[in-house]
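# Structural features, examined
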Amino acid sequence: MASDHYDVIIIGTGAGGGTLAHRLAPSGKRILVLERGGYLPREPENWDSKEVFLKERYLSGEQWYDRNGEPFRPHQQYFVGGNTKFYGAILFRLRERDFEEVQHYGGVSPAWPISYGDLEPYYAQAEQLYLVHGLAGEDPTEPWRSADFPHPPVSHEPRIQQLHDDFEKTGHRPFHLPVGVDLNESDPEAGRCVRCDRFDGFPCLTDGKADAHVRCVRPALKHDNVTLVTHAKVERLETDASGHTISRVVVSRKGNEQVFSGDIVVVSCGAANSAALLLKSASDKHPNGLANSSDVVGRNYMAHINSGVIAISQTPNTTKFQKTLGVNDYYWGDEDSDLPLGHIQMLGKSDRNILRGGAPWFAPGRALDYMSKHAIDFWLTTEDLPHPDNRVTVDRQGNVHLAKMYLNNEPHRRLLAKLKGLMGPLGCHEMSIPSWSVLDQRIPLAGVAHQCGTVRFGADRATSALDVDCKAHDVDNLYVVDTSFFPSSSAVNPALTAMANALRVGDHLLARLDARAERFEPAPEPMEVVS
Ligand SMILES: Cc1cc2nc3c(=O)[nH]c(=O)nc-3n(C[C@H](O)[C@H](O)[C@H](O)COP(=O)(O)OP(=O)(O)OC[C@H]3O[C@@H](n4cnc5c(N)ncnc54)[C@H](O)[C@@H]3O)c2cc1C
Ligand code: SF4
């Protein structure tokens, strides 16, 4: 028998779940948020690259298995705020055409059941919520927007301004990246960000990064109708006898089993774990896994085709906050390509330890020092395409298996060649891409940062697990709001789309719950935390 009943249970506190909690909190409805991790400790090691990158201090430590049954350690972190505690907070809107069917070298990127126009108001709200800084009109592929960016662009430091100018000289249209950060350059006292070089892949010690914990979960908990239970890993969802309603949310917590129930249950565990949870919740009524009559749950896993590229600048690169510049001139192709190639953005600034993480054992320390002082770090993204055989499955012990092949390699190869060809004009060594570094290497299977697609939404219940409101076709009170609902991955970063969609689904849920507008006043007092 259920130990406690709520109006809504949200499982996971990342970009999807955290944002939804924020949207629903002022409704006055009883909301339970379940998070398998705890609060990320605030400690000096947050900004220590040796701890974060070499010792993998914050990784979950769990093992997943590849298509050959070989174990690997996924780059997963389980904390309040989910992967946004570590993200680079580059918060892009998908392009209008990303919502349509698009031909790529490796196949077809399918259309979404909603258009850009349907999501646009929610993109605008999500940009407000996550403090997005940017400059409208610069990015040549930028979709239309109903309002300007909420905050001015983060300025380029001198070496990146030079890079910007050099890109322009070579006929490109570089732009300021849209970035979610609590930074006020005209009044530094007014923001929490101290503009350091630890932005990408590190948690922020000052709470300056606009992550789901700081921007959404923490304020949601100020409402006394919202309860967060940390260290609560949801093991399975059970339905009533009809199979149409989830009646029990079964949690393992500190070695004990706890059971909760909710009128509505929202899964937002990240694309791999949400699929795994539904598959683990198979029953007589749902023999292929919960909400999986379509057999798509776990399939169509996408993660972007990504490469880190380190160019060696002829002059030292003293930039701290490097993630300010993007290039989308190749997004839809080029003179020699009618098909899309992808997107280029700056990475956070590398240092010796970060480079060491991608270098072989024989790389000399002095070379690493030289490289880190001269490195300009790029991140290249090409759209990953969905395929049913790219899938998450679970074995009898509940372990996650991830089978993945890459279908869209050709445009990524071309995009890399474009950037390498620009090294001289960009003031970098022509031979700047040594074969032994991360530079020319693709991000491997364990790099699951941009995971999406495993519980796709759609109008046709034969080919999708969720309807257009992200409600399971097969279950009346089950929703999914993390990146697993994506039918295609686009070539821009995914988090803002998960956040905007969570706000959209939140509005649907408020209507369904008949939540009254006068309840939307923020409650003054904190918070019930069970940790
Ligand atoms: C280093 C790094 C850099 C990135 N940079 C960017 C960027 O610049 N821009 C961008 O758009 N995206 C970026 N991303 C990706 C971005 O963080 C994700 O797209 C986003 O966080 C996905 O949100 P989500 O809600 O789907 O999942 P998550 O944020 O992963 O949240 C899932 C939550 O569910 C919890 N959970 C999982 N399983 C269970 C369970 N069984 N029971 C209870 N709780 C559970 C997890 O602990 C977690 O809190 C980056 C990611 C990483 C790792
Ligand atoms: S750059 Fe700003 S937001 Fe990023 S880690 Fe440093 S202080 Fe935090």
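From a predicted model like this one, the values you see are computed outputs, not experimental measurements.

Rules of the game
- Per chain, residues are indexed from 1 in the order of the written sequence.
- Ligands are numbered from 1 and chains lettered from A, in the order in which they are written.
- Where totals are concerned, whole chains, interfaces and linings use all residues; where local detail is concerned, this predicted model gives features only for residues with pLDDT of at least 70, and gives and counts side-chain atom pairs only at 80 or more.
- What we call a nonpolar core is a set of buried Ala, Val, Leu, Ile, Met, Phe, Trp, Tyr and Cys residues whose membership is set by joining through C-beta atoms within 7 Å.
- Three exposure classes are used, all based on how many other C-beta atoms lie within 10 Å of a residue's own C-beta (placed from the backbone): buried at 20 or more, exposed at 12 or fewer, and partly exposed between those limits.
- Only DSSP runs of H or I reaching four residues or more are called helices, and only runs of E reaching two or more are called strands; each is numbered from the N terminus.
- Contact between two residues is assigned when their C-beta atoms, built from the backbone, lie within 7 Å.
- Any residue whose C-beta atom, as set from the backbone, lies within 6 Å of a molecule or strand is reported as near that molecule or strand.
- Each residue gets one label: Ala, Val, Leu, Ile, Met, Phe, Trp, Tyr, Cys and Pro are nonpolar, Asp, Glu, Lys and Arg are charged, and the others, such as Gly, are polar.
- Pairing between strands is defined by DSSP: at least two bridges between the two strands are required.
- Axis geometry follows a simple rule: fit a line to the C-alpha atoms, using only the stretch in contact for helices, then measure angles between N-to-C directions, giving values from 0 to 180 degrees.
- What makes a crossing left-handed is the near helix being turned counterclockwise from the far one by less than a right angle; a clockwise turn instead makes it right-handed.
- Working rule for helices: expected span equals 1.5 Å times residues minus one.
- Directions drawn from the helix axis to the C-beta atoms are what define this arc.
- Every residue carries a pLDDT, the predictor's confidence in it, which falls somewhere between 0 and 100.

## Structural notes on the nonpolar core
In this structure, Ile9, Ala21, Ile31, Val266 and Met499 are the most contacted members of the largest nonpolar core, which totals 141 residues. A total of nine residues in this core trace back to one element, the largest contributor, which is helix H10 (residues 495-512). Among all residues touching Met499, those that are not within four sequence positions of it are Ala15, Thr19, Ala126 and Tyr130.

## Side note on the site of ligand 2
Taken together, 13 residues are adjacent to ligand 2, and Cys193, Cys196, Phe199, Cys204 and Gly208 come closest. Tallied by class, the residues present in the shell around ligand 2 amount to eight nonpolar, two polar and three charged.

## Remarks on the sheet that holds strand E17 (residues 375-382)
Reading across the sheet, the five strands line up as E8-E15-E16-E17-E14 and stay open at both edges, with antiparallel pairing between neighbours. Each edge of the sheet is formed by a strand with only one pairing partner; in this case those strands are strand E8 (175-176) and strand E14 (305-312). In terms of strand pairing, strand E16 (residues 343-346) meets E17 through four bridges, oriented antiparallel. Residue pairing in the sheet places Ile344 in a bridge with Leu380 of E17. The strands touched by helix H4 (residues 158-169) are strand E15 (325-327), E16 and E17; relative to E15, the strand with the most contacts, the crossing angle is about 20°.

## So, the site of ligand 1
Around ligand 1 there are 38 residues in total, and Gly12, Gly14, Gly82, Gly88 and Asp482 lie nearest to it. Residue assignment for the shell around ligand 1 shows that the elements contributing at least two residues are helix H1 (15-24), strand E11 (233-239), helix H6 (271-280) and H10. Looking at the shell around ligand 1, its residues break down into 17 nonpolar, 17 polar and four charged.

## Observations regarding the packing of H1 against H10
Helix-helix packing is characterised by the crossing angle of the two axes and by the distance between the axes. Relative to each other, H1 and H10 sit at 40°, their axes nearing to 8 Å. Where H1 crosses over H10, the two elements pack in a sense that is right-handed. Contact residues: Ala15, Gly16, Thr19, Leu20, Arg23 and Leu24 in H1; Ala495, Ala498, Met499, Ala502, Leu503, Val505, Gly506, Leu509 and Leu510 in H10. The residue inventory of the contact of H1 with H10, partitioned by class, reads eleven nonpolar, three polar and one charged.

## So, H4
Here H4 spans 16 Å end to end across twelve residues, near enough to the 16 Å set by a 1.5 Å rise per residue. The set of residues buried in H4 consists of Ile160, Leu163 and Phe167. Along the long axis of H4, the arc covered by the buried residues comes to 50°, so they all point the same way. Structural note: H4 exposes Pro158, Glu168 and Lys169 on the side pointing more than 90 degrees away from its buried face.

## Brief notes about unusual backbone geometry
Of note in this structure, Arg195 is not a glycine but carries a positive phi near 55°. Topologically, Arg195 is positioned in the loop between strand E9 (179-180) and helix H5 (212-220). With 16 C-beta atoms packed within 10 Å, Arg195 lands in the partly exposed category. Of note, the phi angle at Ser490 is positive, near 55°, even though the residue is not glycine. Counting through the fold element by element, Ser490 comes out in the loop between strand E20 (478-480) and H10.

## Some words on the environment of Arg173
The residue Arg173 is located in the loop between H4 and E8 in this model. Along the sequence, Arg173 and Cys204 sit 31 residues apart, while their C-alpha atoms lie 31 Å from each other.

## Focus on the confidence of the model for the chain
Regions with low pLDDT should not have their predicted coordinates read in detail. Mean pLDDT over the chain works out to 91, with 92% of the residues at or above the 70 mark. A low-confidence stretch, residues 431-440 stays under pLDDT 50, and its non-local contacts, those more than four residues away or across chains, total 22 contacts. Note on residues 517-528: pLDDT under 50 across the span, and 20 contacts to partners over four residues away in sequence or across chains.

## Thoughts on the packing of H1 against H5
The interhelical angle for the contact between H1 and H5, taken along N-to-C directions, is 35°, at an axis separation of 8 Å. The element H1 and its partner H5 pack so that their crossing is left-handed. Contacts between H1 and H5 involve Ala15, Gly18, Thr19, Ala21 and His22 on the former and, on the latter, Ala212, His213, Cys216, Val217, Pro219 and Ala220. Classifying every residue of the contact of H1 with H5 gives seven nonpolar, four polar and no charged.

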